[in-house]
Amino acid sequence: LVIRGRDQLVESRTGLINCVRGLVKPLGERLASCDADHVTTELLADLPDRLRQSLQPMIQAIEAVTAQIHALNLQIHEIAQRYPEIKLITPIDGVGELTALTFLLTIEDVTRFNKSREVGAYFGLVPGQSQSGDSDPQQHITKQGDPLVRKLLVQCAHCIMRHNAADSDLRRWG
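Reference entry: report on the structure contained in this document. (Residues numbered from 1 in each chain as written. Predicted model: local features only at pLDDT ≥ 70, side-chain atom pairs only at ≥ 80, totals over all residues. Heavy atoms only, no water.)

### A closer look at a nonpolar patch on the surface
Quick reminder of the rule: Surface patches are drawn from residues lacking salt bridges whose relative accessible area is over 30%; two like charges belong together within 9 Å, two nonpolar side chains (Val, Leu, Ile, Met, Phe, Trp, Tyr) within 5 Å. Computed by Shrake-Rupley with a 1.4 Å probe, the accessible areas treat only the displayed protein chains as cover when residues are assessed. Salt bridges are defined by distance alone: a side-chain nitrogen of Lys or Arg within 4 Å of a carboxyl oxygen of Asp or Glu. Helix numbers and strand numbers start at the N terminus; a helix is a DSSP run of H or I with at least 4 residues, a strand a run of E with at least 2.
Taken together, the side chains of Ile 92, Leu 170 and Trp 173 present a nonpolar region at the surface, about 350 Å² in accessible area. Among the structural elements, Ile 92 can be located in the loop between α2 (49-80) and α3 (97-107).

Right, dumping it as structure tokens:
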């Protein structure tokens, strides 16, 4: 519940930030590039007064949501301490406590999978099939299973495969 609530807050904050940037751009202004955690009223300092006053309530809402996200991050950290199993996958570059805990809690009982490759299919991370006669075209992933876990796993894969990521066997395989 805490993890899913955090995810919803992150999506809401992203929507608010995109809205602020979208409102400023047609007026010929730009907000400085920054991490979502650093969107504060100081970001509006270079804007004209009328525009700054209009956007102030939205920036304050972003700051409040960010504070709630940080509070939930602390709760997630406390919950993660109860599951020492996550230490098996958090050493992987790009995999953090949030992803490891979400993955573990969604799987629950690992004995229900006969092979490790079945876990990918459980989360919809395998290509779909559309076989007809001699035709067997490559399909997109099925996207079956839990969308939050799939999203987090794909984000981890992007972190592992990014240009300046640490070298690892997993990265070389990817």
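### A word on the packing of α2 against α3
Cut-off, in case you're wondering: Fitting a line to C-alpha atoms yields each axis, with helices limited to the stretch in contact; the angle taken between N-to-C directions then spans 0 to 180 degrees. Each angle is binned into one of four classes, with values under 35 degrees roughly parallel, values over 145 roughly antiparallel, values of 65 to 115 roughly perpendicular, and all other values oblique. A crossing counts as left-handed when the near helix is turned anticlockwise from the far one by less than a right angle, and as right-handed when that turn is clockwise. Contacts: residue pairs with any heavy atoms within 4.5 Å of one another.
The interhelical angle for the contact between α2 and α3, taken along N-to-C directions, is 55°, at an axis separation of 10 Å. Comparing their axes, α3 and α2 come out oblique. As for the relative orientation of α2 and α3, their crossing is left-handed in sense. Counted together, Ile 76, His 77, Ile 79 and Ala 80 of α2 and Glu 97, Leu 98 and Leu 101 of α3 form the full contact between these two elements.

### A closer look at α2
Stated precisely, the cut-off is as follows: Multiplying 1.5 Å by the residue count of a helix minus one yields the expected span of that helix. The angle between axes fitted to the seven residues ending at a residue and the seven residues starting there is what we call the bend at that residue. Throughout this description, buried means an accessible area under 20% of the type-specific maximum (1.4 Å probe, protein chains only), exposed means over 50%, and partly exposed covers the range between.
The end-to-end C-alpha distance of α2 is 45 Å, a good match for the 46 Å that 32 residues give at a rise of 1.5 Å each. At Gln 56, α2 shows its maximal bend, which comes to roughly 40°, and the proline Pro 57 appears one to four places after that position. Among the residues of α2, Leu 51, Leu 55, Met 58, Ile 59, Ile 62, Val 65, Thr 66, Ile 69, Leu 72, Ile 76, Ile 79 and Ala 80 are the ones counted as buried. If you follow the buried residues of α2, they end up packed against α1 (2-24) and α3.

Any functional reading would require information that these geometric values do not contain.
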